[in-house]
Structure formats: structure tokens, C-alpha cells
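The primary structure of each chain is shown beneath.
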Amino acid sequence: MRSTPTMLDLSDRPLVVQLNWKTHNREGRFVLKKMKDNITQNNSPEKKEKGGIIQNFKRTLSRKEKKKEKKIVDVFNHLATVVEPTMKKENGQISASVVLEKPSTNKDTVSHLETTECPESSRKGGIIKPIVCKQSQQDYGTWNGRAQAKTEQLALPVGIKFRENSEDAFLSAVMNYTNSSTVHFKLTPAYVLYMAGRYVLHRHHSHNQDTAHSHLPLEHTHRITAAVNKMVVMTEVVILKQNSLAGAVAFWMANASELLNFLKQDRDLSPITLQAQENLEILVEKAFKCLIQCLLTDLTRHMPAFLIDPEVQSPSATEMEGVLNTLTGAMSLLRRCRVNAAFTIQLFSQLFHSISAWLLNRLLSTSPLGEACSLGLRSHYWGATLRQRLSLVEDWAEKQGLELAADCHLSRIVQATMLLTMNKYSMEDVQNIQNTCFKLNSLQLRVLMTSYLYATNEPRIHPGLIDRVVTAAESSADEVVRSEGRDIQLEEGPDLRLPFLLPEEGYSCDTVRGIPQGFRDFLEPICRKGLCTLISHPHAGGSWNIFFNRANSSFIQDTNSPQHTEPEVRKIILRKPLNSGMGISIVAAKGAGQENLGIYIKSIVKGGPAEIG
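In what follows, the accompanying structure is described.

1. Describing helix 14 (residues 411-421)
Okay, so step 1: Most of helix 14 sits out of view: nine of its eleven residues are buried.
Okay, so step 2: Of all the positions in helix 14, only Ser411, Arg412, Ile413, Val414, Gln415, Ala416, Thr417, Leu419 and Leu420 are classed as buried.
Okay, so step 3: The inward-facing, buried residues of helix 14 abut helix 10 (341-364), helix 12 (380-399), helix 13 (403-409), helix 15 (430-436) and helix 16 (442-450).

Structure representation (C-alpha cells):
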């Protein structure tokens, strides 16, 4: 503060001088004094008079208060330079009128102007103190807080940041030191990698989310794609190292597919990570095949239980437990790892096909040393035995909601057992055989009937009937096989001849809200090493698809449409037993007015949790 007064020129504007008074962090109060007036002594304990100028005590502000004050000062400095204030004298008193600029919540919108009349200036002993309206300062602080809250709403539930030189160490910690059995939220790695991708994008991107990705410099785009490519490569290394462990493969397959969905749907990352997406698609398919191989290895050990002779070994309720427990374990693993439901259906389709092919090939084997000859499998007795054991698998599949997959991929072995047990002795049975065994080709039907082992007093199959059944199969089942590009063969191949399909929907990010349980616990050791820092977004909406192209647009219908009706929501509590399903059979279908497939309940299993609840 100046110790001596300064006389203003006629061209000086007092209010402008006062508004700029704190530009250089000056302390104290600016006052005006008439040249010929004496200053009245102020006996206030906070003020002292020195040379006719009132001296304020020196205030000490906290860092937070100084930061807030600086924001307010910056706004008023801007106003002082842009808008010319005016002074006017009424009734012997001076008041100041200044045009204030209301801060806008959108920096691209032209600001509104408002003229604010300050309250009457105080006058004591000839000292005139122009008073600046405090309401403008409060409005600015409120606007600033609202703007920050609005920005945070367009954010993930939690953010992450890390130094550029520690990027590799951070990604390595996420990928290489993750124990799939101890992670509470099994898709945590995918979510962390997506957060990392968003942070790298933000680091090289304008803070304005509306900026098009094409505005990014080429160098920045390369850095973003390089970071995402590193994520894919590290994921592949982890999967290949543990490709014989079903739990680890299922865990990383689920995370790889979830990360792929994040990259595909994100409006900013999707256009610049196309190569990474392609590599991830290949990697997910590799992981899927590795997982099938792991489960088939376990399942094959229990398959001989199907061929235990009830007459040689007394029938036991536990003879099929090995097969059913393997299927139950596989389902529990997929659910625990939150594998997409579409992958679950494809995987069990392969397992059901493998059961069917394993049994059917032994049933059709013409080798004298095979089970078909040594056990006499092509008979009514074994047809009934196998049918009863297959029904246990079908019942299990129905409880798990896999009824359609079991019906489709167990159909050949089921039809073969039905042929062994049904009437096939009269020409009148030809049509019934054709309707029942439509999945079996001509070679398979001929072997099953020509080498059939008759029981005592059982009628013989007429050769003419066999010829008619085989001829009908040549023009029906055989044509279907050829249309699929396959040859007519006696035995079934081990692989299911269906393309691998990446699901478009059903990912966890559509339903997960906020920060999943155990998410912070996963990152805490990495944060303690100083490799990353979590960023809290208290005003975020909790959605993980906030940056998706389809965010806020999925399943939106015109609410003004007369056909639009809100369904009634009912809350139902079901108690699911351990290692059991919910007791519902589901199907995929399109609802009225919907473009995408939905999941609907087809039937409720009698005695299951859904019926009891």
C-alpha cells in the first residue's frame, strides 16, 4: 500500500483504478479523498490513521481462500478492461454503474450482459468509498461449481492417471500380477484398461469432449493407438501362458471381450483403435478355443460312464455324476467370470456336440474290437440305457436355460437311440422313422439297421424297409449335409461346424453402475507403488457407457407414440440353490417394435426355484 497519497488526473477513472487495485496482490483498502477535506479519525480498533489515509490490518488468507479470491479478481480484471464503467453524482453522493458479464455455462455461447446498479456509496468525512456488488462474486462462485459438476457428469464413475514414463510398468502390474481367483469383480482388468485408454486420450486431447477425433495431431493419435496395442499384446501373452488352466482362460477371455466392446462402442477410441479391435477379436476366439479344449479334457475322462452296463455293475445314482459335475463346474466358472451369455451358449453347444459325437461314433463303429461289437450297443437294450442317461443331461440343460442348445446338439445321438427302441418291423413304420430320425444321414441309418442286434423273439427288420428309409435319407438329410459343404460320412467330427460369433450385446457395462465392489482393492497395491492415482468423480452419473455412441439411445422409443406403454415392474425374490440354476428356460427373440434380440423366459422348470418362489 502506498504510504503517500496520489492525486488522480482528470482523465483517470476511480472505479477502474480500484478494480485493478489487487492486480499485483496489493493489500488494504482503496479510498478517495477530496483535496480540501479533513479525514475524520476512525476510532475502530481494526484501523489506524497514518498521514490522512486509513490503514487496514494486514490479512493472512489460507491457500484455498487465496485461490478463490484470485478467481474473483481475474473476472473483475477482465470486466475492467472490456467494459467501461461510469460514475454519476446524485444528491451530493457518488454511485458507480458497471456493466457486468454473466458467466455462461457454455463457452461457445455469446455471454449475456446485464447492467447492475451498485448500492449507495458510503461517505464519511468527505471520503467516498465506491462499493462493488458482492452478489456478482457469489454468482461467479456458484456458476464455477455448477460448471465443474456438469463437466464431471460427463465422466466415468472413477478416473485414473499415471505418468507417461510409467505407462509400461502400470500396464504390466495390471496384466501380469493379477490372480484371477482373488479378484472380487472379475472384469476389473477390462475396466481399468478402458479407464487407462480414456486417460491417454484425455492427455493428448482437448478438454472439450465435443472435439472430433480427427482434430488430434497424428503424433497424439499414434501414442493412443500404441498404448491400446500394448494392452492387447499383454493380454495375449497372459492367455498363452495359462492356456491349459480353464479358470485363467475364462477370466481373461471375459476381460478381453469386455475390453473389445469398450473400444468398439467408445465414440472417441473406436475410430483410432481399429487394428487393436481386430487383434482382440482374434485373441478372444483363441481364448474360446483354449477354454473348450480345457473343459473337453475334463469331460472326456467321465464319458465312459455312459457305457457302464447296468447288468454287469449295479445301477447307481452316482454313475453320471462325473459328467454332470463337469458341466456344472463349467457353468459356475463362466458365471463367476461374468462371461457373456452368448459365449456360454456357444461353449455348451460344443460340449453337447462332443457328447453326441463321442457316443454316436462308438455306436456306429464297425470295428470288431469296438464297443459296438463287444458290448452289443446296437440293440434295444442299449438304446433304452443310453436314452435314459442322456435324459439326465437334458434335464440339467433345461435347469440352466440351455434347453435349445441341448435339443439341437444332442439330437443325432438321441435320434439314434430312438431308432434302436422304436417299431421298425413293418413298412407302415417307414414314415415314422423318417420323421423321427431326420438328422441321421443315409450311411448312419443303414449301419444302425443292418447290424442291429436282435433280442430273443424280437421280429426282424425287413430289407425293403431299410432300403426305403435309406433312399428317403439320401434326398433329405444327405442334401442338407452337402449344402453345408460337407461330405457324407459315417462318423461325426469332433468340432462343431458353426462360425464363432462375437456378441453385440449383453456386456456388463450396460448394467454395472458406479464403482464395482472390490475395484479399489484391486488398484490399491498398484497405487501404493506410485504407478497410478485414482481420480474421484463425485458428480458422475455412474454410467460406464457415458462415452458410447449408443449411450442414452439404446432401447429408446418415441414416448409420444400411442403404441408406447411402460411395462409394469415387479420385484421377485428367488432363492438359488448352490450349484443349480434358477429353473427357467430362456430363448432369444425379438419383441414387438424392437430391432435387437432380447432374452425371454420360455418355460419354468417344475420344482425349480422360479416355480417355488
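Read on for the rest.
2. Description of the side chain of glutamate 394
Okay, so step 1: Tracing the backbone through its elements, the reader meets glutamate 394 in helix 12.
Okay, so step 2: Each residue touching glutamate 394, except ones within four places of it in the same chain, is listed here: Arg387, Leu410 and Val414.

3. Some thoughts on the pattern of salt bridges
One side chain can pair with another of opposite charge once the charged atoms of both are near each other.
Okay, so step 1: All told, the structure shown has 16 salt bridges when counted by the stated rule.
Okay, so step 2: Close ionic contact of aspartate 168 with lysine 230 constitutes a salt bridge, the shortest N to O distance being 2.6 Å. Linking aspartate 168 in helix 4 (residues 167-176) with lysine 230 in helix 6 (residues 218-241), this pair joins segments that are 62 residues apart in sequence.
Okay, so step 3: Between glutamate 394 and arginine 387 there is a salt bridge, and its shortest N-O distance comes to 3.2 Å.
Okay, so step 4: Salt bridges here are not isolated pairs; linked through shared partners, they connect Glu167, Asp168, Arg203 and Lys230.

4. Structural notes on the packing of helix 4 against helix 5 (residues 188-203)
Okay, so step 1: Across the interface, helix 4 lies against helix 5 with an axial gap of 10 Å and an inter-helix angle of 165°. In this view, helix 4 runs roughly antiparallel relative to helix 5, as classed from their interaxial angle. Relative to helix 5, helix 4 is oriented so that their crossing is left-handed. In this structure, helix 4 uses Glu167, Phe170, Leu171, Val174 and Met175 to contact helix 5, whose residues at the interface are Pro189, Val192, Leu193, Ala196, Val200 and Arg203.
Okay, so step 2: A class-by-class count of the residues in the contact of helix 4 with helix 5 yields nine nonpolar, no polar and two charged.

5. Quick word on the packing of aromatic side chains
Okay, so step 1: Applying the stated criterion across every chain yields a total of 16 aromatic pairs.
Okay, so step 2: Here phenylalanine 251 and tryptophan 252 contribute two aromatic rings whose centre-to-centre distance is 5.0 Å and whose plane-to-plane angle is 90°, an arrangement assigned as edge-to-face. The same class applies to phenylalanine 251 and to tryptophan 252, which are both buried.
Okay, so step 3: Between phenylalanine 519 and tryptophan 544, the aromatic rings sit 6.0 Å apart at their centres with planes inclined by 55°, giving tilted as the arrangement. Here phenylalanine 519, found in helix 19 (residues 519-528), pairs with tryptophan 544, found in the loop between strand 10 (533-536) and strand 11 (584-589); they are 25 residues apart in sequence, far enough to count as distant. Per residue, the accessibility class of phenylalanine 519 equals that of tryptophan 544, and both read buried.
Okay, so step 4: One aromatic cluster is present, built from ring pairs that chain together Phe185, Tyr191, Tyr194, Phe262, Phe519, Trp544 and Phe548.
Okay, so step 5: Lying across the ring of phenylalanine 547, arginine 198 places its NZ or CZ 3.7 Å from the centre.

What counts and how
Residues numbered from 1 in each chain as written. Predicted model: local features only at pLDDT ≥ 70, side-chain atom pairs only at ≥ 80, totals over all residues. Heavy atoms only, no water. Buried < 20%, exposed > 50% of the residue type's maximum accessible area, 1.4 Å probe, protein only. Helix = DSSP H or I, 4+ residues; strand = E, 2+ residues; numbered from the N terminus. Contact = heavy atoms within 4.5 Å. Salt bridge = Lys/Arg side-chain N within 4 Å of Asp/Glu carboxyl O. Axes fitted to C-alpha atoms, helices over the stretch in contact; angles between N-to-C directions. Parallel < 35°, antiparallel > 145°, perpendicular 65-115°, else oblique. Left-handed = near helix turned anticlockwise from the far one by under 90°. Nonpolar A, V, L, I, M, F, W, Y, C, P; charged D, E, K, R; others polar. Phe/Tyr/Trp six-rings, centres within 6.5 Å; stacked < 30°, edge-to-face > 60°. Lys NZ or Arg CZ within 6 Å of the ring centre and 35° of its normal.

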